[in-house]
Amino acid sequence: MSDLYESVMRAYEEKKYEETASRYVEALEMITDTGRREELLFRAAAALDALGRYAEALAALKEVLESNPESARTWNNVGIICMKLDRQDDAREAFETAYRLDNAKAAPLISLGSLALKRSDPGNALEYLQAAVDIEPGNPLVHANLALTLAVFGRLEEAEDALRLAVLYGFEQAEPITERIDALKLIRDAMRSHDAAAEATPGTEDQISASSPRNDPDTLARLERDMYALAERRFVRRENDAGIMASMSSLRSVIRSVRRELGMPEVLESDTCAGVNYMEEDAPAGSGE
């Protein structure tokens, strides 16, 4: 009995998730100790999650809760799985339960912040994450999620500071967040350039001086590449969080204006990703077919 239990636990530690998932039920049948059963089910759920077998992972976590309904870490992981299954209300309830059971841990607040951002509610996301920082100032995920949220608000230098802290504390997936912040800075700089040119040259936007740095095909090409990258994330990967949608809206406005200034149509037939013309103002939120 002990050998099988240890073997399955070792497989999990070595990230042999298929082996963990295939052997944990057999090990479970041989274990009567409540603590060991809980730990085995918890690890098995994590392995199943890593394999994308979310329904099975959720079933394993629910089995833990049957014997230990006060397990905060289990409720938090239930919330994470529910998010992956797009059961957002269930996820929120699970995270709130986890925090109620153990308000000394930042994990539920980080999860609530992530969920709020996914639901286009950056205000609540910021509150959750700032509370999480107070609890665990050295948690890298707190600062990474804070960087994303601050970027949504346009507080880009603060977002960069938060991301630097995340990396300092061990966060290893900073590149996508850095790319998002850089794209937003490009949008902001282009809009500032537009405003400065408009102030220097009275009249309508069509009268903006051709010497404006925004009237540059190379700059337009960079903006278009950034827009397409965002469109891929939204319409192909279906990452419909508030940050991506806000970035696309802002960038769309800038690109249309630059094209107009260069004497081009504001919307081109080639502006498509997954069957969606992402330069149309009413581009749908879902994935195109």
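Anything mentioned here points back to the structure above.
Note that this is a predicted model, so its numbers are computed, not measured. (Residues numbered from 1 in each chain as written. Predicted model: local features only at pLDDT ≥ 70, side-chain atom pairs only at ≥ 80, totals over all residues. Heavy atoms only, no water.)

Trainee: For the packing of aromatic side chains, give the residues involved together with the corresponding values.
Mentor: The full count for this structure, using the stated rule, is 2 aromatic pairs. Residues tyrosine 12 and tyrosine 17 carry aromatic rings whose centres are separated by 5.9 Å and whose planes lie at 55 degrees to one another, so their mutual orientation is tilted. For tyrosine 17, a relative accessible area of 22% puts it in the partly exposed group. Between the aromatic rings of tyrosine 228 and tyrosine 278, the centroid separation amounts to 6.1 Å while the plane-to-plane angle is 70 degrees, which identifies the pairing as edge-to-face. Taken together, the positions of tyrosine 228 in helix α12 (residues 217–236) and tyrosine 278 in the segment after β2 (276–277) put the pair 50 residues apart, joining distant regions of the chain. We classify tyrosine 228 as partly exposed; its relative accessible area is 33%. One residue, arginine 73, lies across the ring of phenylalanine 42, its end atom 3.8 Å from the ring centre. (Phe/Tyr/Trp six-rings, centres within 6.5 Å; stacked < 30°, edge-to-face > 60°. Buried < 20%, exposed > 50% of the residue type's maximum accessible area, 1.4 Å probe, protein only. Helix = DSSP H or I, 4+ residues; strand = E, 2+ residues; numbered from the N terminus. Lys NZ or Arg CZ within 6 Å of the ring centre and 35° of its normal.)

Trainee: Before we move on, can you summarise the packing of helix α9 (residues 140–152) against helix α10 (residues 156–168) with the specific residues and values?
Mentor: The N-to-C vectors of α9 and α10 enclose an angle of 165 degrees; their axes lie 8 Å apart at closest approach. When the interaxial angle is binned, α9 and α10 end up roughly antiparallel. Seen from above, α9 lies across α10 with left-handed handedness. Between α9, through Pro140, His143, Ala144, Leu146, Ala147, Leu150 and Ala151, and α10, the contact on the second element is made entirely by Leu156, Glu158, Ala159, Ala162, Leu163, Leu165 and Ala166. Residue classes in the contact of α9 with α10 are distributed as 12 nonpolar, 1 polar and 1 charged. (Axes fitted to C-alpha atoms, helices over the stretch in contact; angles between N-to-C directions. Parallel < 35°, antiparallel > 145°, perpendicular 65-115°, else oblique. Left-handed = near helix turned anticlockwise from the far one by under 90°. Contact = heavy atoms within 4.5 Å. Nonpolar A, V, L, I, M, F, W, Y, C, P; charged D, E, K, R; others polar.)

Trainee: So what's going on with the nonpolar core? Which residues, and what values?
Mentor: Within the largest apolar cluster, 74 residues are counted, with the highest numbers of intra-cluster contacts made by Tyr24, Leu40, Leu163, Ile177, Met248 and Tyr278. Looking at this core element by element, the count peaks at 7 residues for α9. Every residue in contact with leucine 40, bar those within four places of it in the chain, is listed here: Tyr5, Val8, Met9, Tyr24, Ala27, Leu28 and Ile31. (Core = buried A, V, L, I, M, F, W, Y, C linked by side-chain atoms within 4.5 Å.)

Trainee: Quick one: what's the story with a nonpolar patch on the surface, residue by residue and with numbers?
Mentor: Residues Leu165, Leu168 and Tyr169 make up a contiguous nonpolar surface patch of about 290 Å² in total accessible area. Looking at the element boundaries, tyrosine 169 is found in the loop between α10 and α11 (175–200). Judged by its relative accessible area of 37%, tyrosine 169 is partly exposed. (Patch = residues over 30% accessible without salt bridge, like charges linked within 9 Å, V, L, I, M, F, W, Y side chains within 5 Å. Areas by Shrake-Rupley, 256 points an atom, 1.4 Å probe, with all protein chains shown as cover. Salt bridge = Lys/Arg side-chain N within 4 Å of Asp/Glu carboxyl O.)

Trainee: Mind laying out the layout of surface pockets, listing which residues take part and the relevant values?
Mentor: Here the largest pocket defines a volume of roughly 1400 Å³. Around the largest pocket, the lining is made up of 33 residues, and of these Ser114, Asn145, Leu148, Arg233 and Glu239 lie nearest the centre. For the lining of the largest pocket, the secondary structure elements donating two or more residues are α5 (72–84), α7 (107–118), α9, α11 and α12. A breakdown of the residues in the lining of the largest pocket according to their chemical character gives 14 nonpolar, 7 polar and 12 charged. In this structure, the second largest pocket spans a volume of roughly 240 Å³. (1 Å grid on protein atoms, 1.4 Å probe; cavity = no way out; pocket = protein on both sides within 12 Å on 5 of 7 lines; lining within 4 Å. Points joined across faces, edges and corners; volume = space filled by probe spheres on them.)

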